[in-house]
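# Observations on the three-dimensional arrangement
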Amino acid sequence: MLRGFLVIVLLGVLASCAKKKDLPEIIVTAADVSEFSRFRSELGDQFPGDQLQVFDTAVQELRLDAMNRDVVTPEAREVDMLAVANGKSVHAVTLLGWQARHARFLRETAMINSMLEHDLKVQRNAGDNGPSATVLARIASAKNVIAQLQANAAETERRLNEMSSIANQKK
């Protein structure tokens, strides 16, 4: 009985001495939705929410990226995200997600720029009466949205560079 107790205590001590992996090194297990849910829940038990925020953003961006590739249903986008993430490190998934975020900001900027160019052309062709108040409002709105998207893209690029440099320092 005493020997069994000592073995249990020894195993407990050894388990507590085992080096805990850093978040970026952990391998994502996401063969299906329930496995990813368990994985994410376990991460929440091991790490504070502020450390997981960047990873959670990346996961959401991977879902949005699936939408961009015409993956139609939410369920299919989830399966697509799981296929991208499964078996990769948290760091790799985070980089992929933030790269997708950066690409999304660039796509959205191009789309709004196209709409703005159309409205600017309408403004130039309006003649003596000038463009309507609606066109002027769309132009102002588009300029504001473009400025925000460009700021978001620049911040995302800065974060990507930071993530890459941290990864390179650990090599």
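The coordinates are above.
Let us look at the structure shown here. (Residues numbered from 1 in each chain as written. Predicted model: local features only at pLDDT ≥ 70, side-chain atom pairs only at ≥ 80, totals over all residues. Heavy atoms only, no water.)

With that settled, consider unusual backbone geometry. Note on backbone geometry: most residues besides glycine have negative phi, and most peptide bonds are trans. Even without a glycine there, the phi angle at Asp70 is positive, about 65°. Structurally, Asp70 can be placed in the loop between α3 (49–68) and α4 (74–85). A residue is classified by how much of its surface remains accessible, and Asp70, at 64% relative accessible area, is exposed. (Helix = DSSP H or I, 4+ residues; strand = E, 2+ residues; numbered from the N terminus. Buried < 20%, exposed > 50% of the residue type's maximum accessible area, 1.4 Å probe, protein only.)

Now for the pattern of salt bridges. As enumerated under the stated definition, the model contains ten salt bridges in all. The residue Glu78 makes a salt bridge to Arg63 at a minimum N-O spacing of 2.5 Å. Note that Glu78 is positioned in helix α4 and Arg63 in helix α3, a separation of 15 residues in sequence. Owing to a relative accessible area of 16%, Glu78 belongs among the buried residues under this scheme. As a salt-bridge pair, Asp80 and Arg69 come within 2.5 Å of each other at their nearest N and O atoms. Highlighted residues: Asp80 in helix α4 and Arg69 in the loop between α3 and α4, separated in sequence by eleven residues. One salt-bridge network, held together by shared partners, links Glu61, Arg101, Arg104 and Glu108. (Salt bridge = Lys/Arg side-chain N within 4 Å of Asp/Glu carboxyl O.)

For helix α2 (residues 33–46), which comprises 14 residues, the first-to-last C-alpha distance of 20 Å matches the rise-based estimate of 20 Å (1.5 Å per residue) to within 8%. Against α3, α4 and α5 (90–124) lie the buried residues of α2. (Expected span 1.5 Å × (residues − 1). Contact = heavy atoms within 4.5 Å.)

Below, the discussion takes up the nonpolar core. Ranked by size, the top nonpolar core spans 17 residues in total, and within it Val28, Phe36, Phe39, Leu43 and Phe55 carry the most contacts. At the level of secondary structure, the elements contributing two or more residues to this core comprise α2, α3, α4 and α5. The leading source of residues in this core is α3, at four residues. Dropping the residues within four chain positions of it, Val28 is found in contact with Phe36, Phe39, Phe55, Ala85, Asn86, Gly87, Lys88, Ser89, Val90 and Val93. Ranked by size, the runner-up nonpolar core spans ten residues in total, among them Ile112, Leu120, Ile146 and Leu149. (Core = buried A, V, L, I, M, F, W, Y, C linked by side-chain atoms within 4.5 Å.)

The quantities given are spatial measurements derived from coordinates; they are silent on function.
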